[in-house]
Every structure is written in C-alpha cells, then in structure tokens.
Amino acid sequence: MTSGTESSGTESALLRSQLEVPERAVYMVFLTIFIDILATTISTPVMPFYAKMFGASVQQIGYLFAAWSFCSTVFAPILGRMSDTYGRRTILITALIGAGFANLFQGLSFYFIELVGAHKAFFIF
C-alpha cells in the first residue's frame, strides 16, 4: 500500500526532470537582466538633468518617465509572444543590441524630441 506522498513525490521528480533547464541558459538570462537593469540605473537618475539641458519643462520630464510605463505595458506581451515564436535567445540578443543602440542615441541626441524617441526605444527593448 502506497501513501499519497510517495506518488506525489514520484510525480514531482518526473515533472522536475521534464522541466530541467540547462544551467548555462539560466546564467544567460540573469546576465541579460543584469545588463538591462544596469543600463536603466545608470541613465534614469541623470535623465531629468539631461532633459533640463534641452530646456524641457517639468511636465515634459514627467512625460519622459511616463514613457516607460506605456512602452512596457504595450511591448512586453508582444516581446513575450515573439520569444515564443522565434526563441528566447534570439529575442534576448536582439533586445540587448536594440537597448544598446537606444542608449547610444540617448547620449548623442541634440534635441529633446530625439531624447524622448531614444528613451522610448530603450524601454521597448
């Protein structure tokens, strides 16, 4: 006679073996997240001062930061579906390259509208 805990333990081990993810893939995802968060924490604190250099008002700076909520709300599900279709690695690498270019364009922008566009592009990726 077997108890319910033995059968659930066997089922759990079977499920765990089916869902096993290579350790290298986990590290790659963590590295990607780290790089993305690092870029965000570097650019976000200086963004209001940078926008002020372009003569942006307080309201415009507020819109600049509101772009993050808008872009993440709209594009997170889209990028999720794309990663299901094209593969996680492809989308992660594309997103890192896109975010890198967006950060570069943020630093090289000459007008406030360019800064807003680059900032939105950064949060899309």
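Here the structure is shown first, and the text comes after it.
All of the points below concern the structure found in this document. None of the values given here were measured: they were computed from a predicted structure.

It is worth spelling out the overall build of the protein at this point. Helix and strand content of the protein: five helices and zero strands. The order of helices and strands in the protein, counted from the N terminus, is α-α-α-α-α. Counting all 125 residues of the protein, 19% fall into the buried class. In the protein, of all internal contacts separated by at least 6 residues, the share reaching a separation of at least 24 is 66%.

Looking now at the side chain of serine 43. Along the chain, serine 43 turns up in helix H2 (residues 23–53). When residues no more than four places from it in sequence are discounted, the contact partners of serine 43 are Asn103 and Gln106.

We now examine helix H5 (residues 112–124). Between the first and last C-alpha of H5 there are 18 Å, a value that for 13 residues agrees with the 18 Å anticipated at 1.5 Å per step. Of the positions making up H5, those classed as buried are Phe112, Leu115, Val116, Ala118, His119, Phe122 and Phe123. Buried residues along H5 sit in contact with H2, helix H3 (58–86) and helix H4 (88–108).

Calculation rules
Residues numbered from 1 in each chain as written. Predicted model: local features only at pLDDT ≥ 70, side-chain atom pairs only at ≥ 80, totals over all residues. Heavy atoms only, no water. Helix = DSSP H or I, 4+ residues; strand = E, 2+ residues; numbered from the N terminus. Buried < 20%, exposed > 50% of the residue type's maximum accessible area, 1.4 Å probe, protein only. Contact = heavy atoms within 4.5 Å. Expected span 1.5 Å × (residues − 1).

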